[in-house]
Every structure is written in structure tokens, then in C-alpha cells.
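Chains, contacts and geometry: an overview
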Amino acid sequence: MKHIFEQTVYYGDTDAYGVVWHGSYLRWMEQARVEFCRELGLDLVEMKRNDIVIPVTNINIRYKASAKLDEKIIVESSISKASPITITFSQIIKHKETEKVFTIAEVEVVAVNGEGKIYRKMPEVLKSICEQALD
């Protein structure tokens, strides 16, 4: 299953030259993952109330090209792997019309409780969502 998140590049996303600042890509990927989770029926606020949060533990990102001011971009997100402890999201950011690739990333998250202790077995709510997304 693939999720598409659309975004326009605004001034606050760029440097003085109108080129997207590298951290903006990370923010867009986070927004896309949150929206993807919502689409899968996963309410991150409700999960937190149930003592489950999913922080990022590893990001491997390759910058291929630079997006520019006022361009329309899309972030394609999918779950590429789920283990008993981690979930790996694959995310590609590209130009909406030309499909020119700006970044390719693998983002790994883990489930932890409110005290930051890792769940050694993926909570059922996450496990079922991952199985749904991988099918």
C-alpha cells in the first residue's frame, strides 16, 4: 500500500537562493508518515494515551536533486518492512508533474512506552496495521 502526500514549497522551506533547505525534506516525510498512519486507521494521539509512541530511530536519506520555491512536490510513503520490534517506511520525494526524484529515504521507527522503553514485541495495534499495509 502506498500513500501520497502533496506539498507546495514555500519561502520558509528554502534558503536564500530559493532552494529547499535539507531539513524541510525531513519535516515533509514526518507529515507524510503521520497522514499515512491516519489513512491506515492509526490514531497517534490515541496511541500515546495508551502508552505507545513510535519515534524515529534511524534515517537513511539520499539527496538526489533540489526542489525549488513554489514547486509542487509529492511524498510517496509505504511500509517496506516490519519486524517484531521495528517498522521501516520507504519514502520518496519527487516533483508532482515531472516525477523528478529529490530524495529517497528509509525511515525506521520503534514502539516505546512513555518512559522510553522499547516494546520487545510489537503492540498488536501496530502489528495489524503493518500487516494491512504490507499486503
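Located above this text is the structure these notes cover.
None of the values given here were measured: they were computed from a predicted structure.

1. What to know about a nonpolar patch on the surface
Taken together, Leu26, Val56, Ile59 and Tyr63 make up a surface patch of nonpolar side chains, about 300 Å² in accessible area. It is strand S2 (residues 56-63) that contributes the most residues to the nonpolar patch, three residues altogether. Mapped onto the secondary structure, Ile59 falls in strand S2.

2. Points about the packing of aromatic side chains
A complete count under the given rule lists three aromatic pairs for this structure. When the ring of Tyr25 is compared with that of Trp28, the centres are 5.6 Å apart and the planes differ by 85°; the resulting orientation is edge-to-face. Placement of both Tyr25 and Trp28 in helix H1 (residues 22-39) is noted, with a separation of three residues, approximately one turn of the helix. Side by side, Tyr25 and Trp28 carry an identical accessibility label, which is buried. Through a chain of ring-to-ring contacts, the aromatic side chains of Tyr25, Trp28 and Tyr63 assemble into a single cluster.

3. Details of the sheet that holds strand S4 (residues 86-95)
Strands sit in the order S1-S3-S4-S5-S2 across an open sheet of five strands; the sheet is antiparallel. Edge positions in the sheet fall to strand S1 (2-8) and S2, since each has one partner strand and no second. Neighbour to neighbour, the strand axes of the sheet diverge by 20° on average, direction disregarded. Along the sheet, H1 makes contact with S1, S2, strand S3 (72-82), S4 and strand S5 (101-110), crossing S1 at roughly 135°.

4. Description of unusual backbone geometry
Within the chain, Asp70 stands out as a residue other than glycine whose phi angle is a positive 75°. Relative to the helices and strands, Asp70 is located in the loop between S2 and S3. According to the relative accessible area criterion, Asp70 is exposed, its value standing at 54%. In this structure, Glu99 takes a positive phi of about 65° despite not being glycine. Within the fold, Glu99 resides in the loop between S4 and S5.

What counts, and at which threshold
- Residues numbered from 1 in each chain as written.
- Predicted model: local features only at pLDDT ≥ 70, side-chain atom pairs only at ≥ 80, totals over all residues.
- Heavy atoms only, no water.
- Patch = residues over 30% accessible without salt bridge, like charges linked within 9 Å, V, L, I, M, F, W, Y side chains within 5 Å.
- Areas by Shrake-Rupley, 256 points an atom, 1.4 Å probe, with all protein chains shown as cover.
- Salt bridge = Lys/Arg side-chain N within 4 Å of Asp/Glu carboxyl O.
- Helix = DSSP H or I, 4+ residues; strand = E, 2+ residues; numbered from the N terminus.
- Phe/Tyr/Trp six-rings, centres within 6.5 Å; stacked < 30°, edge-to-face > 60°.
- Buried < 20%, exposed > 50% of the residue type's maximum accessible area, 1.4 Å probe, protein only.
- Pairing = 2+ DSSP bridges.
- Axes fitted to C-alpha atoms, helices over the stretch in contact; angles between N-to-C directions.
- Contact = heavy atoms within 4.5 Å.

All quantities given are derived from atomic positions and should not be read as evidence of function.
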